[in-house]
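Residues per chain are reported as follows:
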Amino acid sequence: MESLYFLLPLFFIVVIILPLNFRIKLCLNVQKEIIYVSIFFWKFKIVLFKIFFKDKNIIITTKKKKKEIEFSLSAKQIYFVEQLTNNLKSKTQIRKICVYGRVGYYDAYKTAMTCATVNSFIELLFCYLKNKKPTCSMENNICPCFNKEILLFSLYTSLTITLFDLLYSVVISLFSLRSKKYERDARKSKIS
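A quick note: this is a predicted structure, and the numbers were derived from the prediction, not measured.

Chemist: Outline the packing of aromatic side chains, supporting the account with residue identities and numerical values.
Modeler: The tally for this structure, following the rule as stated, stands at 3 aromatic pairs. Look at phenylalanine 41 and tryptophan 42: their rings are 6.2 Å apart centre to centre, the planes differ by 75°, and that puts the pair in the edge-to-face class. Between phenylalanine 164 and tyrosine 168 the ring centres are 6.1 Å apart and the planes differ by 20°, which places this aromatic pair in the stacked class. With phenylalanine 164 and tyrosine 168 both in helix H4 (residues 163–177), this residue pair falls 4 residues apart, about one helical turn. A residue is classified by how much of its surface remains accessible, and tyrosine 168, at 42% relative accessible area, is partly exposed. Members of the aromatic cluster, connected to one another through ring pairs, are Phe22, Phe41 and Trp42. A cation over a ring is seen here: lysine 110 above tyrosine 105, with NZ or CZ 4.6 Å from the ring centre.

Structure, rendered in structure tokens:
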């Protein structure tokens, strides 16, 4: 009779290979300079926060508490983030991108021109993304609003990545901090 202990390694192999589905909803109000971000894992909401700018500070508000954050990253942290994004770019599969927006001014000419410019810019970005990620489905819906002044955009994206690829990218990025190339670049930036 076969042992049930073989199910434990099988479970970990399936968890590592199974793609993780993340959904990100981003809402940008240009007039009020507020960004709302929601991140979902499968159907479960992980985090919801509001970002707004006040003077030179970025203020992040969650449901629980309000924090003021000033970003000052070291060269090592910036290098790590660059390496991590470069490693994750090819491993992440974008499934769907939807852009919705409302553009409006009291002037019909200005509304139409702004709406057409935004539509053209989004379609240009979609063409670039479609060349890089051909399986991605894209939707663009920018509506003009002629009776009030509004600039509101929403972005909905669904992306998948396997746990193995995520862990691999983090480990490779950490090892790249110890590489000689990083040390050479760090010495050059200190000299100049």
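Chemist: Would you mind going over the pairing of strand S1 (residues 19–29) in detail, with residue names and values included?
Modeler: Examined bridge by bridge, S1 and strand S8 (residues 150–162) share 11 bridges and lie antiparallel to one another. Each bridged residue has a counterpart across the sheet, and for leucine 26 the counterpart in S8 is leucine 155.

Chemist: Would you mind going over the environment of threonine 92 in detail, with residue names and values included?
Modeler: Topologically, threonine 92 is positioned in the loop between helix H2 (75–91) and strand S6 (93–104). By relative accessible area, threonine 92 is classed as buried at 15%. Each C-alpha atom of the pair threonine 92 and threonine 160 lies 6.0 Å from the other, and the pair is 68 residues apart in sequence. For threonine 92, the contacting residues outside a window of four places in its chain are Lys133, Leu159, Thr160 and Ile161. Polar side-chain contacts of threonine 92 include one of 2.8 Å to the backbone oxygen of leucine 88.

Chemist: Just give me the short version of unusual backbone geometry, but keep the residues and values in it.
Modeler: Phi angles above zero are rare outside glycine, and glutamate 33 is one such case at about 55°. Note that glutamate 33 resides in the loop between S1 and strand S2 (34–41). Accessibility expressed as a relative area gives 45% for glutamate 33, which makes it partly exposed. A positive phi angle, close to 55°, is found at tryptophan 42, a residue other than glycine. Mapped onto the fold, tryptophan 42 is located in the loop between S2 and strand S3 (44–54).

Chemist: Please set out helix H3 (residues 108–132) residue by residue, giving values where relevant.
Modeler: Between its first and last C-alpha atoms H3 spans 36 Å; for 25 residues at 1.5 Å apiece the expected length is 36 Å, and the two agree. Residues of H3 that are buried include every one of Thr111, Cys115, Val118, Ile122 and Phe126, and no others. Of the surrounding elements, those touching the buried residues of H3 are S6, strand S7 (137–144) and S8.

Parameters and conventions
- Residue numbers run consecutively from 1 along every chain, following the written order of its sequence.
- The predicted origin of the model limits local features to residues at a pLDDT of at least 70 and limits the giving and counting of side-chain atom pairs to 80 or more, whereas totals for whole chains, interfaces and linings rest on all residues.
- Note: side-chain values were computed over all heavy atoms of the structure, leaving out hydrogens and water.
- Each Phe, Tyr or Trp ring, with Trp reduced to its six-membered ring, pairs with another whose centre is within 6.5 Å; inter-plane angles below 30 degrees give stacked pairs, above 60 give edge-to-face pairs, and intermediate values give tilted ones.
- Working definition: helices are DSSP H or I runs of at least four residues, strands are E runs of at least two. Numbering for both runs from the N terminus.
- Buried means the residue's accessible area, taken with a 1.4 Å probe over protein chains only, is under 20% of the maximum for its type, while exposed means over 50%, and partly exposed covers the values in between.
- Geometrically, a charge over a ring is one whose NZ (Lys) or CZ (Arg) sits within 6 Å of the ring centre while staying within 35 degrees of the ring normal.
- If DSSP finds at least two bridges between two strands, the strands pair.
- Contacts were defined at the residue level, with two residues in contact if any of their heavy atoms lie within 4.5 Å.
- In the analysis that follows, any N or O atom pair within 3.5 Å is treated as a polar contact, provided that within protein one partner can donate a hydrogen and the other can accept it, and provided that, for residues neighboring in sequence, both atoms belong to side chains.
- Take the residue count of a helix, subtract one, and multiply by 1.5 Å to get its expected span.

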